[in-house]
Amino acid sequence: MSGNGTAARVGIGGPVGSGKTALIEALLPLLTSAGIETAVITNDLVTREDADRLIRQNLLGEGRVVAVEAGACPHTVIREDPTLNMAAADALEDRFPDLDLILLESGGDNLASTFSLDLVDWWIFVIDVAGGDDIPRKRGPGTIQSDLLVINKSTLAPHVGVDLDRMLTEAEATRQGQPVIVTDCRSGQGVREVAGCLSQAVLFRSL
Amino acid sequence: MVDRIVAWRDDPDTASRLHRLDHDGGLEILIVAETDLGRRRFQATTENGRPVQVALPRSQRLADGAVLHLDAQLALVVRVGAPDWLDLEPLDSAAALELGYAAGNLHWRVKFSDGRVQVALDSGDAESYLARLAPLDGRFRVVS
């Protein structure tokens, strides 16, 4: 695909440890093999831990992973004042004009975390079964308003006493038809479905 | 795919062209929810059933009356879908304070009018919003 300076921007948010970075790690090979030119912006509080993790794995070319240090309040830089992330995305597009897609990973936050549509075109919220099967019932803005809800670490469900089928049913009931995908990012389960959903929504092509 | 806003409905020249196209059946309306106006890339369907892929530059922002395509046969014009509002009237000053606090704490989009709090129903029906206000039951009135 050739870029036109309007790379799609997709947010990935969710609680600490739910698997946001793991989802990106699993998505990148699929996107690359589909010819989708991608870059990533990570948000951490006061470090660049997630960016360094992605860089170490060499999943993208040099300079295509950048870190934004969000400070004390991770949702501020993706919602109330997303200018740091907008500037980082603009800089990536200037440096790599062929980009098709920029993934913006939020710092770990709570269920109230949402993305400004001034920053992203579409956004994913990642929760995991180990966080408890009551999360969808809590109706957090992140689980309700996101364009795609991902329930990760599905294989842990029996080990943490979670009824995954019920969790999925309750999640779907709160989202008024918006999609929910169950994944296990470590094994790759469900990740291609996430990539396809993302690609169809903002790149207008099937994967 | 449309990749830019080419004109605005209220521009005099554009308005006359749209008027002619409307008579000829070439004017199609794309309804965009108010909450989706910030999106630069999305897919939608006109009222006539035509699928449209929108990919705007970051420098452009959709608003009511944006013309996304205009030629001799066809115009695509954005109309912003009006949001539904839940209109709440607190019964006293203390309830007003707590209602305002609750709305802010829940990150609801609100506006104020004639002593009422109006909550935009951006992500659910009125019942789901009222359920969050259960601790304030009996201290405000639902106007509409």
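J.: Tell me what's going on with the sheet that holds strand S2 (residues 38-44) of chain A, and back it up with residues and numbers.
T.: All names here are of chain A. Taken in spatial order, the 7 strands make up an open sheet running S3-S2-S4-S1-S5-S6-S7, and their pairing is parallel. Two strands lie at the open edges of the sheet, namely strand S3 (65-69) and strand S7 (180-182), each paired on one side alone. Strand-to-strand twist of the sheet, defined as the mean angle between neighbouring strand axes without regard to direction, takes the value 20 degrees. When strand S1 (residues 8-13) meets strand S5 (residues 122-128), the two strands line up parallel, connected through 4 bridges. The residue bridging Gly 13 from the neighbouring strand is Phe 125, located in S5. Against the sheet, helix H2 (residues 49-56) makes contact with S2, S3 and strand S4 (101-105), and its axis sits at roughly 145 degrees relative to S2, the strand it touches most. Against the sheet, helix H4 (residues 83-95) makes contact with S1, S2, S3 and S4, and its axis sits at roughly 155 degrees relative to S2, the strand it touches most.

J.: Please provide a residue-by-residue account of helix H2 (residues 93-105) of chain B, values included.
T.: Residue and element names in this part refer to chain B. If you check H2, its first and last C-alpha atoms are 18 Å apart, about what 13 residues at 1.5 Å a residue would give, namely 18 Å. Turning to H2, its buried residues are Ala 95, Leu 99, Ala 102 and Ala 103. The buried residues of H2 all sit within an arc of 95 degrees when viewed along its axis, so they share a single face. Away from its buried face, by an angle of more than 90 degrees, H2 presents the exposed residues Ser 93, Leu 97 and Tyr 101. In the core, the buried residues of H2 are packed alongside strand S7 (85-90), strand S8 (110-113), strand S9 (116-120) and strand S10 (140-142). Just beyond H2, the residue with positive phi is His 107, at close to 60 degrees.

How each quantity is defined
- What you see as residue numbers is a count from 1 along each chain, following the sequence as written.
- Numbering of ligands from 1 and lettering of chains from A proceed in the order in which they are written.
- In view of the model being predicted, local features appear only for residues whose pLDDT reaches at least 70, and side-chain atom pairs are presented and counted only at 80 or more, with totals across whole chains, interfaces and linings using the full set of residues.
- The side-chain quantities take in all heavy atoms of the structure and omit both hydrogens and water.
- For two strands to count as paired, DSSP must find a minimum of two bridges between them.
- Per the convention used, a helix needs a DSSP run of H or I reaching at least four residues, while a strand needs a run of E reaching at least two, with both numbered from the N terminus.
- Between the N-to-C directions of two axes lies an angle of 0 to 180 degrees, each axis being a line fitted to C-alpha atoms and, for a helix, fitted only over the stretch in contact.
- Pairs of residues are marked as contacts when any of their non-hydrogen atoms sit within 4.5 Å.
- For a helix, the expected span equals 1.5 Å multiplied by the residue count minus one.
- Three labels apply to residues, based on accessible area from a 1.4 Å probe with only protein chains included: buried if under 20% of the type maximum, exposed if over 50%, partly exposed otherwise in between.
- As used here, the arc is the angular range of directions from the helix axis to the C-beta atoms.

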